[in-house]
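Observations on the three-dimensional arrangement
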Amino acid sequence: MTDNSELKPISPEASELFERQRESDAVVQHKCTKCGAWYETPKGNVEMVESFHCDNMIPSRVGKDGVKKCNNPMTYTVPALPAPKSTLIQPSNDAVLAVMDGDMRLDTGMKIQEAIQRAADWWERTGRKQMQRELQRQAKPVGGSDKGAGSAFASKDAQSANFLPSGIIHGQPWEALGKRERLMIVKTHHHFTVRNPDLIGADDEAEHKMQDRGLIQ
């Protein structure tokens, strides 16, 4: 619903101009002041001046057909097409982290260098210890109070059927992790400790589940 208090009448000058000139993003229309014929000129990449004589046929008392060309001179400026509106596509955190430029920012506004330092500190203080404890738990006897599995599902032994050379699973120091492993930790840590509460507004006290990994960007 329109608020009538915001409506303002156009001035006589603007009204008069509208009666002889119309413009859209693509074309300019001008009216011949002599015969009333309308002419339309498409806009181009640059501004130009349209100049010609009106060739509309109007009634005349002279001539066997009783008509003649208006021949009124017309000159008007045709502005250039408006610049296209650019749509900036923000790179994903994946793309930003892949560059590894410390001064670039993630979608939360945090610089990469800060996100990396936070993730590295968390990994050394908490993350890698949790992974090591999990491997130890799995290696405990089946059915015990710790719900052991009898053996860890990942082994560092290349001859083992459970060989899995993952620095993350084995809880290796930050410096021993590969680039891809570090990126995975940075993404996950940043998502659940910064992005999730800041942008998504999730409950800080909620425990994250495995299926929550699909939310990481």
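Since we're looking at a predicted model, the values are computed, not measured.

Parameters at a glance
Residues numbered from 1 in each chain as written. Predicted model: local features only at pLDDT ≥ 70, side-chain atom pairs only at ≥ 80, totals over all residues. Heavy atoms only, no water. Helix = DSSP H or I, 4+ residues; strand = E, 2+ residues; numbered from the N terminus. Contact = heavy atoms within 4.5 Å. Areas by Shrake-Rupley, 256 points an atom, 1.4 Å probe, with all protein chains shown as cover. Phe/Tyr/Trp six-rings, centres within 6.5 Å; stacked < 30°, edge-to-face > 60°. Buried < 20%, exposed > 50% of the residue type's maximum accessible area, 1.4 Å probe, protein only. Pairing = 2+ DSSP bridges. Axes fitted to C-alpha atoms, helices over the stretch in contact; angles between N-to-C directions. Polar contact = N/O pair within 3.5 Å; in protein donor to acceptor, adjacent residues only side chain to side chain. Core = buried A, V, L, I, M, F, W, Y, C linked by side-chain atoms within 4.5 Å. Bend = angle between axes of the 7 residues up to and from the residue. 1 Å grid on protein atoms, 1.4 Å probe; cavity = no way out; pocket = protein on both sides within 12 Å on 5 of 7 lines; lining within 4 Å. Points joined across faces, edges and corners; volume = space filled by probe spheres on them. Nonpolar A, V, L, I, M, F, W, Y, C, P; charged D, E, K, R; others polar.

1. Some remarks on the overall build of the chain
Within the chain, the secondary structure is distributed over four helices and seven strands. Overall, the chain shows an N-to-C arrangement of helices and strands of α-β-β-β-β-β-β-β-α-α-α. Considering only contacts in the chain between residues 6 or more positions apart, those separated by 24 or more positions represent 40%. As presented, the chain carries roughly 15600 Å² of accessible surface, and 52% of it is formed by carbon and sulfur atoms.

2. Quick notes on the packing of aromatic side chains
Tallied over the entire structure, the rule returns three aromatic pairs. Ring centres of Phe 52 and Tyr 76 lie 6.2 Å apart, and the angle between their planes is 85 degrees; this geometry places the pair in the edge-to-face category. Residue Phe 52 is located in strand S4 (residues 48-53), and its partner Tyr 76 is located in strand S7 (residues 73-78); the two are separated by 24 residues in the primary sequence. Here Tyr 76 falls in the buried class, since its relative accessible area comes to 5%. The interplanar angle of 50 degrees and the centroid separation of 6.2 Å between the aromatic rings of Trp 122 and Trp 123 together place this pair among those described as tilted. For Trp 122, a relative accessible area of 26% gives the class partly exposed.

3. Some points on the sheet that holds strand S1 (residues 21-23)
With respect to topology, three strands assemble into an open sheet ordered S1-S2-S3, the strand pairing being antiparallel. If you trace the sheet from one side to the other, it starts and ends with S1 and strand S3 (38-42), each paired once. Strand after strand, the sheet turns through a mean of 15 degrees between neighbouring axes, direction not considered. Note: strand S2 (residues 27-31) against S3, five bridges, orientation antiparallel. Among the inter-strand pairings, Gln 29 is bridged to a residue of S3, identified as Glu 40.

4. Details of unusual backbone geometry
Within the chain, Asn 71 stands out as a residue other than glycine whose phi angle is a positive 60 degrees. By the secondary structure assignment, Asn 71 is in the loop between strand S6 (67-69) and S7.

5. What to know about the side chain of Ser 166
Residue position: Ser 166 is located in the loop between helix H3 (112-139) and helix H4 (179-200). In this structure the side chain of Ser 166 is engaged in a polar contact, spanning 3.2 Å, whose partner is the backbone nitrogen of Ile 169.

6. Concerning the nonpolar core
In this structure, Leu 97, Leu 106, Trp 123, Trp 174, Ile 185 and Val 186 are the most contacted members of the largest nonpolar core, which totals 16 residues. Of all the elements in the fold, those that place two or more residues in this core are helix H2 (93-99), H3 and H4. Broken down by element, this core gets its largest block of residues, five residues, from H3. When sequence neighbours within four positions are dropped, the list of residues in contact with Trp 123 reads Arg 128, Met 131, Gly 167, Ile 168, Gly 171, Gln 172, Pro 173, Trp 174, Leu 177 and Ile 185. Listed in part, the ten residues of the second largest apolar core include Val 28, Cys 54, Cys 70 and Met 74.

7. Overview of H3
Its maximal kink placed at Trp 123, H3 deviates by approximately 55 degrees. The complete set of buried residues in H3 reads Ile 112, Ala 115, Ala 119, Ala 120, Trp 123, Gly 127, Arg 128, Leu 135 and Gln 138.

8. A look at empty space enclosed by the protein
The final tally for this structure, using the stated rule, is one cavity of 30 Å³ or more. Along its surface, the largest cavity is lined by Met 110, Ala 115, Arg 118, Ala 119, Val 186, His 189, His 190, Thr 193 and Val 194. Secondary structure elements with two or more residues in the lining of the largest cavity: H3 and H4. When residues of the lining of the largest cavity are assigned to their parent elements, the largest contribution, five residues, is made by H4. When its residues are assigned to classes, the lining of the largest cavity shows five nonpolar, three polar and one charged.

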